[in-house]
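Single-letter residue listing:
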Amino acid sequence: MADELLTVPEVMARLKIGRSTVYDLIRSHRLVSITVGRARRVPAAALRDFINHQIAEAA
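Residues numbered from 1 in each chain as written. Predicted model: local features only at pLDDT ≥ 70, side-chain atom pairs only at ≥ 80, totals over all residues. Heavy atoms only, no water.

Here we take up the overall build of the protein. A tally of helices and strands in the protein yields three helices and three strands. When its helices and strands are written in sequence order, the protein yields β-α-α-β-β-α. A compact globule built from 59 residues should have a C-alpha radius of gyration of about 10 Å, and the protein, at 11 Å, falls within 12% of that. Put simply, the protein has 59 residues, and 24% of those count as buried. For the protein, contacts bridging at least 24 residues in sequence account for 46% of all contacts bridging at least 6. (Helix = DSSP H or I, 4+ residues; strand = E, 2+ residues; numbered from the N terminus. Rg over C-alpha atoms; globule rule 2.2 N^0.38 Å. Buried < 20%, exposed > 50% of the residue type's maximum accessible area, 1.4 Å probe, protein only. Contact = heavy atoms within 4.5 Å.)

Below is the structure:
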C-alpha cells in the first residue's frame, strides 16, 4: 500500500491535540478517515492535506 494509515493516537501525537479533538475533526469531515473493521484510520495524505489547509487558512 502506497499510503500509510495512521491510528488516532498517532494523529494525536503528530498534531499535539487530544483524542476528542481528533474525533471532532473526523466527525465534522475536516479530517478524512476510514474504518477498518472497528478501527479508525487516517491516511497520512489526508493528515498532510488537513495541515496544508490549516496553514492556507491562517495566511
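More follows now that the structure is in view.
If you trace the three strands from one edge of the open sheet to the other, you get β1-β3-β2, paired in antiparallel fashion. Among the strands making up the open sheet, the edge pair consists of β1 (5–6) and β2 (34–36). With two bridges connecting them, β1 and strand β3 (residues 39–43) associate as antiparallel partners. In the strand pairing of β3, Leu-6 is matched with Val-42. Where helix α3 (residues 44–58) meets the sheet, its contacts fall on β1 and β3, and the angle it forms with β3 comes to roughly 60°. (Pairing = 2+ DSSP bridges. Axes fitted to C-alpha atoms, helices over the stretch in contact; angles between N-to-C directions.)

Honestly, that's just the spatial picture; any functional story needs more than this.
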